[in-house]
Amino acid sequence: MINNKTNYRVPVLTIAGSDSSGGAGIQADLKTFSALKTFGMSVITAITAQNTRGVFAVEEISKEIIKKQIEVIFEDIHPKALKIGMVSSPDIIKQIADTLSKYEVNNLVIDPVMISKSGYSLLRTEAKENLIKYLIPMAYIITPNTMEAEEITGIHIENLEDMKEAAKKLLELGPKYVLVKGGHLDGDAVDLLMGDGVCELFESKRLDRKNTHGTGCTLSSAIVTQLAHGYDVKEAVGNSKNYITKAIENSFDIGHGIGPVHHFYEFDKGGN
Ligand SMILES: Nc1ncnc2c1ncn2[C@@H]1O[C@H](COP(=O)(O)OP(=O)(O)OP(=O)(O)O)[C@@H](O)[C@H]1O
Ligand SMILES: Cc1ncc(COP(=O)(O)O)c(N)n1
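Residues numbered from 1 in each chain as written. Chains lettered and ligands numbered in written order. Predicted model: local features only at pLDDT ≥ 70, side-chain atom pairs only at ≥ 80, totals over all residues. Heavy atoms only, no water.

*Asks:* If you had to explain the sheet that holds strand 9 (residues 198-204) to someone new, which residues and values would you point to?
*Replies:* Spatially, the nine strands line up as an open sheet ordered 3-2-1-4-5-6-7-8-9, and their pairing is mixed. The sheet is open, and its two borders are formed by strand 3 (54-60) and strand 9, each paired with just one other strand. Summarising the sheet, strand 7 (residues 177-180) and strand 8 (residues 189-195) pair through three bridges and their orientation is antiparallel. The partner of Val180 across the bridge, within strand 8, is Leu192. Packing against the sheet, helix 2 (residues 63-74) makes contact with strand 1 (11-19), strand 2 (39-51) and strand 4 (81-84), and its axis sits at approximately 160° to strand 2. (Pairing = 2+ DSSP bridges. Helix = DSSP H or I, 4+ residues; strand = E, 2+ residues; numbered from the N terminus. Contact = heavy atoms within 4.5 Å. Axes fitted to C-alpha atoms, helices over the stretch in contact; angles between N-to-C directions.)

*Asks:* Can you break down the pattern of salt bridges residue by residue, with the values?
*Replies:* As enumerated under the stated definition, the model contains 16 salt bridges in all. Between Glu161 and Lys164 there is a salt bridge, with its nearest N and O atoms 3.9 Å apart. Of the two residues, Glu161 and Lys164 both sit in helix 6 (residues 160-171), three residues apart, roughly one turn of that helix. Since its relative accessible area comes to 52%, Glu161 is described here as exposed. The shortest N-O distance in the salt bridge between Asp253 and Lys210 comes to 2.8 Å. Residue Asp253 is found in the segment after helix 8 (233-249), and its partner Lys210 is found in the loop between strand 9 and helix 7 (215-228); the two are separated by 43 residues along the sequence. Where salt bridges share partners, they join Lys67, Lys68, Glu71 and Lys102 into one cluster. (Salt bridge = Lys/Arg side-chain N within 4 Å of Asp/Glu carboxyl O. Buried < 20%, exposed > 50% of the residue type's maximum accessible area, 1.4 Å probe, protein only.)

*Asks:* Explain helix 2 to me, and be specific about the residues and the numbers.
*Replies:* Every α-helix carries 3.6 residues per turn, so stepping three or four residues along brings you back to the same face. Here helix 2 spans 17 Å end to end across 12 residues, near enough to the 16 Å set by a 1.5 Å rise per residue. Of all the residues in helix 2, the buried ones are Ile66, Gln69, Ile70, Glu71, Ile73 and Phe74. Looking at the packing, one finds that the buried side of helix 2 touches strand 1, strand 2, strand 4 and helix 3 (90-100). (Expected span 1.5 Å × (residues − 1).)

Given below as structure tokens:
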């Protein structure tokens, strides 16, 4: 659909929280991985009791089992690309950074998840420092929305110029590329990619849809698949922007709150 470099055996990994209602977190990531023809694996960092109306409880997973999950995956099926989503506590963040540092980590996408669309804090306040210090410097690309970029840089973002200024400051923290997502601003949905000589906008019309649960998780997972399939960063972001736009366009009502986006499964009779 969005590319022809099909190889369902390309292993990709998500390190993130579980969303019991299936619209965001690990579940959105795995759906995206499958839809974009990769072999998805997961390391669960937290369990959320969540539905389309909100997040009702969170239980963090012990850092020992998080470490073990990463180790056994890397020692058996080395991911071609991976993402980190909800990581909630300073200890969990440090553990993930320490464990990943033992391996050759390629194409690390970090979605610095902070607050759910329903307004629940998914990153403890005291965890921000470790996220900035240990994880963000390891990233190939980070994908903050404007609120997250503001929270990390202290720069207030209202327009594209502010996004550029924040992106420059985020690059100083060490990732190779930054994609600041403009989904929460007014007007068209414009995302800004910056880093390593690249400064490019990815634009789509703003779609008037209420069901946008998991858009950020879906976009970052799509980028993981495209990097794993061998696309360069601009192609990876461009393909993923097309994917999320179609997924939002086809989002649907399920449950009573903010519903999920749609992941275009196609039944493929052949394939490899
Ligand atoms: N209404 C919309 N119409 C079109 N594109 C949108 C819309 N809302 C968000 N997007 C796009 O969806 C992608 C995700 O952006 P968004 O700013 O929603 O991320 P996010 O806030 O991290 O998501 P989440 O809240 O799920 O974590 C971006 O490419 C953004 O431009
Ligand atoms: C486990 C988990 N990870 C991430 C999100 C962010 O998604 P959204 O902002 O769309 O609620 C979430 N709600 N739950």
